[in-house]
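# Working through the structure, step by step
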Amino acid sequence: MRRLNRKQTLKVVKEMDAFPKVPESYVQTSTSGATVSILSFVLIGILVLSELIYYSETSMKYEYNVDTELESKLKINLDVTVAMKCESLGADVLDLTGNSISTQGSIKEDSVFFDMTPQQKRWQRMVQTVKSSLDKEKALQHLLFKTGFSSKPTAAPVSSGHQRNAPTANACRFHGTIEVNKVAGNFHITAGRSIPHPRGHAHLSAGINTKDYNFSHRIDHLSFGDPVRGIINPLDGEEKVTQSTMQMFQYFIQIVPTRVNTRQAQADTGQFAVTERERVINHDSGSHGVAGIFFKYDLTSIMVKVTEERQPFSQLLIRLCGIVGGIFATSGMLHGFVGFLVDTWMTRVRGREEQFSNHMPSPTQLPSQDIPLQQLDREFPEQESPLAVNLLSADR
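In what follows, the accompanying structure is described. Since this is a predicted model, take the numbers as computed values, not measurements.

### Observations concerning the overall build of the chain
Each helix and strand counted, the chain has 7 helices and 15 strands in total. Out of the 396 residues belonging to the chain, those deemed buried represent 33%. The contacts of the chain with a sequence gap of at least 6 include a subset with a gap of at least 24, amounting to 82%. Total accessible area on the chain stands at roughly 26100 Å², and carbon and sulfur atoms take up 57% of it.

### Thoughts on the packing of aromatic side chains
Inspection of the entire model under this criterion finds 7 aromatic pairs. Summarising the aromatic geometry, the rings of F41 and F328 are spaced 5.7 Å apart at their centres and angled 80° between planes, so their arrangement reads as edge-to-face. Of this pair, F41 sits in helix α2 (residues 31–56) while F328 sits in helix α5 (residues 313–359), and the two are 287 residues apart along the sequence. The exposure class assigned to F328 is partly exposed, which follows from its relative accessible area of 41%. With a centroid separation of 5.9 Å and an interplanar angle of 50°, the aromatic rings of F224 and Y297 are classed as tilted. In this pair, F224 is assigned in strand β10 (residues 217–225) and Y297 in strand β14 (residues 292–299), connecting sequence segments 73 residues apart. Pair check on accessibility: F224 and Y297 agree, each one buried. Among the aromatic residues, those joined into a ring-pair cluster are F187, Y251 and F295. A cation over an aromatic ring shows up here: R218 above the ring of F114, its NZ or CZ 5.3 Å from the ring centre.

### A look at α2
Taking 1.5 Å per residue as the helical rise, α2 with its 26 residues ought to reach 38 Å, and the 38 Å between its terminal C-alpha atoms agrees with that figure. Of the residues making up α2, those classed as buried are G33, S40, I44, E51 and Y55.

### Notes on the state of the cysteines
Evaluation of the coordinates by the stated rule reveals 1 disulfide. Each sulfur in the disulfide pair C86 and C172 lies 2.2 Å from the other. Taking the sign of the S-S torsion, about 105° here, the bridge from C86 to C172 comes out right-handed. Here the residue C86 occupies a position in the loop between β2 (73–82) and β3 (89–95), and C172 occupies one in strand β6 (residues 171–181), the gap between them amounting to 86 residues.

### Describing the nonpolar core
Among the nonpolar cores identified, the biggest contains 36 residues, and V82, F174, F215, I253, F295 and Y297 are the most heavily contacted of them. Taken together, the elements giving at least two residues each to this core come down to β2, β3, β6, β7 (185–191), β10, β12 (247–261) and β14. It is β2 that contributes the most residues to this core, 5 residues altogether. Those residues in contact with V82 that sit more than four places away from it in its chain are L89, F114, A171, C172, F174, I189, N214, F215, S216, H217 and I293. With 5 residues, the next largest nonpolar core counts V228, I231, V260 and A265 among its residues.

Scoring rules and cut-offs
- Residues numbered from 1 in each chain as written.
- Predicted model: local features only at pLDDT ≥ 70, side-chain atom pairs only at ≥ 80, totals over all residues.
- Heavy atoms only, no water.
- Helix = DSSP H or I, 4+ residues; strand = E, 2+ residues; numbered from the N terminus.
- Buried < 20%, exposed > 50% of the residue type's maximum accessible area, 1.4 Å probe, protein only.
- Contact = heavy atoms within 4.5 Å.
- Areas by Shrake-Rupley, 256 points an atom, 1.4 Å probe, with all protein chains shown as cover.
- Phe/Tyr/Trp six-rings, centres within 6.5 Å; stacked < 30°, edge-to-face > 60°.
- Lys NZ or Arg CZ within 6 Å of the ring centre and 35° of its normal.
- Expected span 1.5 Å × (residues − 1).
- Disulfide = S-S within 2.5 Å.
- Core = buried A, V, L, I, M, F, W, Y, C linked by side-chain atoms within 4.5 Å.

Shown next, in the form of structure tokens:
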């Protein structure tokens, strides 16, 4: 009984087979079928290879959320060279709450030459070319995130033809990182050293002749937050040259907190947009102010989250199965349809040939005509007439 039950169970299972096997004796191969199979295999290979390449690539996902991290600090990373000696300049930060933050100890000052070396000029041109291309094609930012293009201060090569800290240096380089409160503020470089003041801050510029002022400057790097590879900052590689001694340069910066999570970097940084303004200070004409370089920054309440994502492996398998099964099914249908059209056309052609042959008369039904011998002799004067040839062959 158990054996019978097993046999019946196996029989029921076999009947449920959705892929019945066709005996080889019933299978008929053809040249057209082989050609379609080869083309199908080639197409499957190409599409599978393209899917694998697409799977190896990543995409950037952008999310926008409200920035709730108000208690955290904001880093200002800069590398700015001013065409004045270091002893005549001072740099500090004044935020919206009235706190004055000194840059001593966090921002280094080096006596350098304002003129750039050939290497620095090439680096500057390269950064400006990338920035101009980024303005025309925003999708380039995805590639920069993936490749991790760097525009950090160290990317600008050091002047090789001059000695650093030389007494004849005519410029001062401010570089380093300073942490400030995450509120709007004003980072500036102007004449004179900054001194504490009960109502804010001031710069002591006594003893500095205004004729010696020269706020021509070069911004090799300016960023906010952790430096991240793949972000090109709007002011990197910028250079301003002025002939006026009382020139004010203002940069109004709007910072967007950004959290980057890619294969190249995982950090909290800040992207920003900038509006530039410059004017000559002339109190007689009503243009008041202080000559110098001012970076006025503010933060938005929106945080951008940039995440590098890869296609799930399960989705890759589904797409590969769809490619293989779809091409086999479609090629089989096309081959059968084309074969049907060819068979139909050949059947019609053969039918017409048979119909034409049935209406053709037989040689015995052709009408006979008696041709006189004289006419044949005239038509074939130097040859034996066809009738004579036939008669001779008949006699033989």
